[in-house]
Number of protein chains: 2
Amino acid sequence: MKPGYSHVPADHVAAECSRVAPVLSRIGDKWTVLVVTMLGRGPMRFNALRREIGSISQRMLTLTLRSLERDGLATRTVRPTVPPQVEYALTELGRSLLVPVSAIRDWARAHADAIEQAQRRFDGRCADEAGTAVRAIADQASAS
Amino acid sequence: MKPGYSHVPADHVAAECSRVAPVLSRIGDKWTVLVVTMLGRGPMRFNALRREIGSISQRMLTLTLRSLERDGLATRTVRPTVPPQVEYALTELGRSLLVPVSAIRDWARAHADAIEQAQRRFDGRCADEAGTAVRAIADQASAS
DNA sequence: CGGTATCCACTTGGATACTG
DNA sequence: CAGTATCCAAGTGGATACCG
């Protein structure tokens, strides 16, 4: 067999991705992986998460945690003290997610430099050949 | 493999995620995984990809392929025939990405049912307790 | 065939203010 | 402490039209 290509029937790919895509959209959002990784260290209260992440807004932390709870990846436990304490923890399902996420993290760590170099080469090449045309695609946000 | 928590120092988590998050954002977008998986079967021309994916717009396919090329995950080869033919193929780096992506796919396939059940339970519980309040968070798009 | 360019709807996410 | 509510800026992605 040749170096490399897997032979997946084309018809199955789209069907597969209709199940994978929602999962990736969820964990690919701006905060889910960070929060899940934090909770992977152990249960944590709302403001403890907020402090340790630092840059997250209260709104986004609430939204992220609600999604995790809805998907069965985390639990929310209210203890009726004064002031109230709310503790979040990963479920078994949530902890199992740490495994493939770690695989992605390892891949990212291993190839981050290669990707950055490829990007610089690409941007440099386009600056030579086509002016700033493709740079504009990369940036894409300058004009409104 | 205890059913427990990994002990990652909190300080490292945020630093790690600053490298992982961009990668996840890229492959977590609407089309990248689908296109990469397609190209995992072997090199393909632009409109062949377009046809097999079916639902993707020309614009998004172009944008997705440009990003893959920029990141060094795919190559773009123009053959100066008439009409012109442009073939896309994964690089070695791109094929290596198929490994962790497969891990995510396997996880998604294994737990898709559990997630859907958790969602229905969550939504049902909230309908009982708090009316339609949290349903509104899940839907979130009705009002403008 | 393989793109670009333009316009527009929807979604995401930050800032701020207020509540039990 | 742990949220909720509201407003707003930016990003994402679809539809359409046109180009070499």
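The model shown is predicted, which means the values in this text are computed figures rather than measured ones.

Brief notes about the sheet that holds strand β1 (residues 44-45) of chain A
Residues and elements named next belong to chain A.
In step 1: Pairing within the open sheet is antiparallel, and its three strands lie in the order β1-β3-β2. Each end of this open sheet is capped by a strand with a single partner; those strands are β1 and β2 (74-79).
In step 2: Looking at chain direction, β1 and strand β3 (residues 85-90) are connected through two bridges and run antiparallel. Its bridge partner lying in β3, M44 is registered against Y88.

Let's talk about the nonpolar core
In step 1: One finds A:L39, A:L65, B:I27, B:L39 and B:L65 to be the most contacted residues of the largest nonpolar core, which totals 68 residues.
In step 2: Ignoring sequence-local partners within four residues, the contact set of A:L65 consists of A:V35, A:L39, A:F46, A:L49 and A:Y88.

As for the protein's contact with DNA strand D
In step 1: Surrounding DNA strand D, one finds 19 residues, the nearest of these being A:Q58, A:R76, A:Y88, B:K30 and B:R59.
In step 2: Here a phosphate oxygen of DNA strand D and a backbone polar atom of A:V86 are 3.2 Å apart.
In step 3: One of the side-chain nitrogen or oxygen atoms of B:K30 is found 2.6 Å away from a phosphate oxygen of DNA strand D.
In step 4: When the residues that make up the surface near DNA strand D are grouped by side-chain class, the tally is eight nonpolar, five polar and six charged.

Here we look at the sheet that holds strand β1 (residues 44-45) of chain B
Residues and elements named next belong to chain B.
In step 1: Strand order in the open sheet formed by three strands is β1-β3-β2, and the pairing between neighbours is antiparallel. With partners counted over all chains shown, the strands left at the sheet margins are β1 and β2 (74-79), one partner each.
In step 2: Packed onto the sheet, helix α2 (residues 32-40) meets β1, β2 and β3 (85-90) and runs at close to 95° relative to β3.
In step 3: Contacts between helix α4 (residues 58-70) and the sheet are confined to β2 and β3, with β2 contributing the most and set at about 110° to the helix.

Section: the relation of the copies chain B and chain A
In step 1: With an RMSD of 0.1 Å, chain B superimposes on chain A once it is rotated by 180° and translated 0.0 Å along the axis. What the rotation and shift describe, once combined, is the action of a two-fold rotation axis. For chain B, the residue whose C-alpha comes nearest the rotation axis is B:G28, separated from it by 2.3 Å.
In step 2: Residue by residue, 100% of the interface of chain B is reproduced at the interface of chain A, so both copies engage with the same surface.

Details of the interface of chain B and chain A
In step 1: Contacts between chain B and chain A engage 62 residues on the former and 64 residues on the latter.
In step 2: Note on chain B versus chain A: buried area summed over both sides is about 5700 Å², and carbon and sulfur give 68% of it.
In step 3: The largest share of the area that chain B buries against chain A comes from B:Y5, B:R70 and B:W107, three residues that together contribute 14% of it.
In step 4: At the boundary of chain B and chain A, one finds two salt bridges.
In step 5: The residue B:D123 makes a salt bridge to A:R70 at a minimum N-O spacing of 2.5 Å.
In step 6: Seen at the junction of chain B and chain A, the total is eight residue pairs in polar contact (both at pLDDT 80 or more).
In step 7: Every element with two or more residues in the side of chain B that touches chain A is listed here: α1 (10-27), α2, α4, β3 and α5 (92-130) of chain B.
In step 8: With 21 residues, the single largest contributor to the side of chain B that touches chain A is α5(B).
In step 9: A per-class count over the side of chain B that touches chain A returns 35 nonpolar, 13 polar and 14 charged.

Things to note about the protein's contact with DNA strand C
In step 1: In the region of DNA strand C, 21 residues are neighbours, and A:K30, A:R59, B:Q58, B:R76 and B:Y88 sit closest.
In step 2: Here, DNA strand C places atoms within 4 Å of the protein, and 62% of those atoms are sugar or phosphate.
In step 3: B:Q58 places a side-chain nitrogen or oxygen 2.3 Å from a base nitrogen of DNA strand C.
In step 4: B:Y88 places a polar side-chain atom, nitrogen or oxygen, 2.7 Å from a phosphate oxygen of DNA strand C.
In step 5: At the level of elements, α4 (58-70) of chain A together with α3 (46-53), α4 and β3 of chain B are the ones that each hand at least two residues to the surface near DNA strand C.
In step 6: For the surface near DNA strand C, the class distribution of residues is nine nonpolar, six polar and six charged.

Reading guide: rules and limits
- Along each chain, residue indices are assigned from 1 in the same order as the chain's sequence is written.
- The lettering of chains begins at A and the numbering of ligands begins at 1, in the order of writing.
- Only residues with pLDDT of at least 70 are given local features in this predicted model, and only at 80 or more are side-chain atom pairs given and counted; all residues enter the totals for whole chains, interfaces and linings.
- Each side-chain value is derived from all of the structure's non-hydrogen atoms; neither hydrogens nor water enter the calculation.
- Strand pairing is assigned whenever DSSP identifies at least 2 bridges connecting the two strands.
- Only DSSP runs of H or I reaching four residues or more are called helices, and only runs of E reaching two or more are called strands; each is numbered from the N terminus.
- As used here, the term nonpolar core means buried Ala, Val, Leu, Ile, Met, Phe, Trp, Tyr and Cys residues forming a set that is joined through side-chain atoms within 4.5 Å.
- The classification of residues rests on relative accessible area computed with a 1.4 Å probe and restricted to protein chains. Under 20% of the type maximum is buried, over 50% is exposed, and intermediate values are partly exposed.
- Should any heavy atoms of two residues lie within 4.5 Å, those residues are counted as being in contact.
- Here a residue is near a molecule or strand as soon as one of its heavy atoms is found within 4 Å of it.
- Here a polar contact means two N or O atoms within 3.5 Å. Within protein one must be a hydrogen donor candidate and the other an acceptor candidate, and residues neighboring in sequence count only if both atoms are side-chain atoms.
- Each residue is assigned to one of three groups, with Ala, Val, Leu, Ile, Met, Phe, Trp, Tyr, Cys and Pro labelled nonpolar, Asp, Glu, Lys and Arg labelled charged, and all others, Gly among them, labelled polar.
- Geometry is summarised by axes, namely lines fitted to C-alpha atoms with helices restricted to the contacting stretch, and by angles between N-to-C directions that run from 0 to 180 degrees.
- A least-squares fit on C-alpha atoms brings the copies together, and the residues used are those whose pLDDT is at least 70 in both copies.
- The term buried area refers to how much accessible surface (probe radius 1.4 Å) is lost by two components on association, counted for both of them together.
- Basic side-chain nitrogens of Lys or Arg form a salt bridge, by our definition, when they fall within 4 Å of a carboxyl oxygen of Asp or Glu.

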